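Now for the letters of each chain:
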Amino acid sequence: MSTKRFAVIGAGAGGLCAAKNLIAQGVEPVIFEIGTRIGGLWAYENDSGRSPAYKSLRINSEARASSYGDFPFPEGTQYYPGTTEMEAYFTNYADKFGLTDKIRFNSRIEAISPDGEGWRVAIVGKEDTHFDGVIVASGHQSTPRHPEQVKGFDGHYIHANDYRVPGPYADKRVLVIGPGNSGVDIAADICTVTELTFLAARSPVLIMPRLMFGKPQSRTLGLLEKPWLPWRLKVWIRTQLTRVFHGRMEDWGFRTPKGRTHPISHPTLIFHLAWNRIKAKPGIDRFAGNMVHFTDGTAEEIDAIIAATGYETDLPFLPEGTSPVRGTHMHLYNRIVHPDLPNVFFVGFFDVTGGSNIRMMDDQSEYAAAVAAGAIRLPDPDAMRDAIAEDLAFQKAQFPDSPRYGLELDPVRYRKRLAKNFKRNGVAR
């Protein structure tokens, strides 16, 4: 039998480990990268035009827990590496596993379409190529989701996707919308040069310290949050630990969440609030020129807005009518397999609730490669759709009803599900 060939879309964290795992299963990958650099969103000022990385960006999870399973960060790597270290890490990974020569740079995928028992991949300006399958690892943080109400604002506006450095905001009054990881990063980044920075948090948020007792907070949580503990108890543990270091969220103008939310942490944000460089605000009611009216009845004059309001998942190259995106959710079996597109797999379209996205991409890639090679057999499409519905119901029961949580993923439950798939098919890991 001839060797199977798979197209891998994207040379970022997901695409690289997808290609590496395909090779391990005897499948030949060809990686198509829209730009000229390895590392995806971690390549600062990436010429792909798809990276939202700002200069001060650092990984949110500790390095030793965030690496690929078989490729740790080099000895001496700081706890939370920045973009330069991350890009070097991915470049070294590609060299180590023989992936660099398999990357076709400056290759924008125009479309994929059925071609016999495989897929025809159309690349802009290049000849179409036949493949046995496709792994989509193009990322989900490149198409900004803009807040509707900013249409009435007369000042300077950008989405966080376009933010890079604080200099342009010197001596201005700036509003950052959204207290997610990007929002708190950017607010803390610009507040040392602005006249005043406001951080609008419509929903409750728990902002945890990045370090606890001099070590990454994940180590403390790992000691206390046993896998068998119910999530309500884990939420209580995180809330009490945060109070030890930061006090109550209400002390700083936020609201403490009562249920399960996406982990947010920052090393200096609370100090900037204490020093009156940043002021927390609730949701936004409306804009009138340069005045921002908040839901608590207060109003502030604002020169500029940075909206850290998330992203839309954009997959324009899929056959018409086949996108798995429904709202902000992905309708995929095991978050990887499209029931109606045979041998088309998706890697990296999730947000892990605690843990490392990179490590989870490695798990997904191992599974996708095993399916591609025929080592794991999939259930029929109807059974896959039933499993997708079950997963969506779990999401809705566990997480807030908000676009922010459309891709949220419980890492413990998810890894158990993948492990069962491997075991059921007799595949050793």
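Computed from a predicted model, the values in this text were never measured in an experiment.

Asker: Just checking my understanding: could you explain the pattern of salt bridges for this structure?
Answerer: It is possible for side chains bearing opposite charge to pair when their charged atoms get close. Taken as a whole and assessed by the stated rule, the structure comprises 24 salt bridges. With a closest N to O distance of 3.6 Å, Lys 281 and Glu 300 form a salt bridge. Note that Lys 281 is positioned in strand E16 (residues 278-281) and Glu 300 in strand E19 (residues 299-301), a separation of 19 residues in sequence. Assigned by exposure class, Lys 281 and Glu 300 land together as buried.

Asker: Help me out: how do you make sense of helix H6 (residues 231-246) in this one?
Answerer: Residues three or four positions apart in an α-helix share a direction because the helix packs 3.6 residues into each turn. The terminal C-alpha atoms of H6, which comprises 16 residues, lie 22 Å apart, in line with the 22 Å expected from a rise of 1.5 Å per residue. All of the buried residues along H6 are Trp 231, Lys 234, Val 235, Ile 237, Arg 238, Thr 239, Leu 241, Thr 242 and His 246. If you follow the buried residues of H6, they end up packed against strand E12 (207-208), strand E13 (211-212), helix H5 (217-224), helix H7 (269-274) and helix H9 (381-398). Gly 247 occupies a position one or two residues after H6 and carries a positive phi of about 80 degrees.

Asker: Honestly, unusual backbone geometry in this entry has me stumped. Any pointers?
Answerer: Generally, phi is negative for residues other than glycine and the peptide bonds are trans, each holding for most cases. Phi is positive for Glu 45, close to 55 degrees, though the residue is something other than glycine. The residue Glu 45 is located in the loop between strand E2 (28-32) and helix H2 (63-66) in this model. Accessibility expressed as a relative area gives 47% for Glu 45, which makes it partly exposed. The phi dihedral of Asn 334 is positive, around 55 degrees, even though this residue is not glycine. Mapping Asn 334 onto the fold places it in the loop between strand E23 (329-330) and strand E24 (344-346).

Cut-offs used in this document
Residues numbered from 1 in each chain as written. Predicted model: local features only at pLDDT ≥ 70, side-chain atom pairs only at ≥ 80, totals over all residues. Heavy atoms only, no water. Salt bridge = Lys/Arg side-chain N within 4 Å of Asp/Glu carboxyl O. Helix = DSSP H or I, 4+ residues; strand = E, 2+ residues; numbered from the N terminus. Buried < 20%, exposed > 50% of the residue type's maximum accessible area, 1.4 Å probe, protein only. Expected span 1.5 Å × (residues − 1). Contact = heavy atoms within 4.5 Å.

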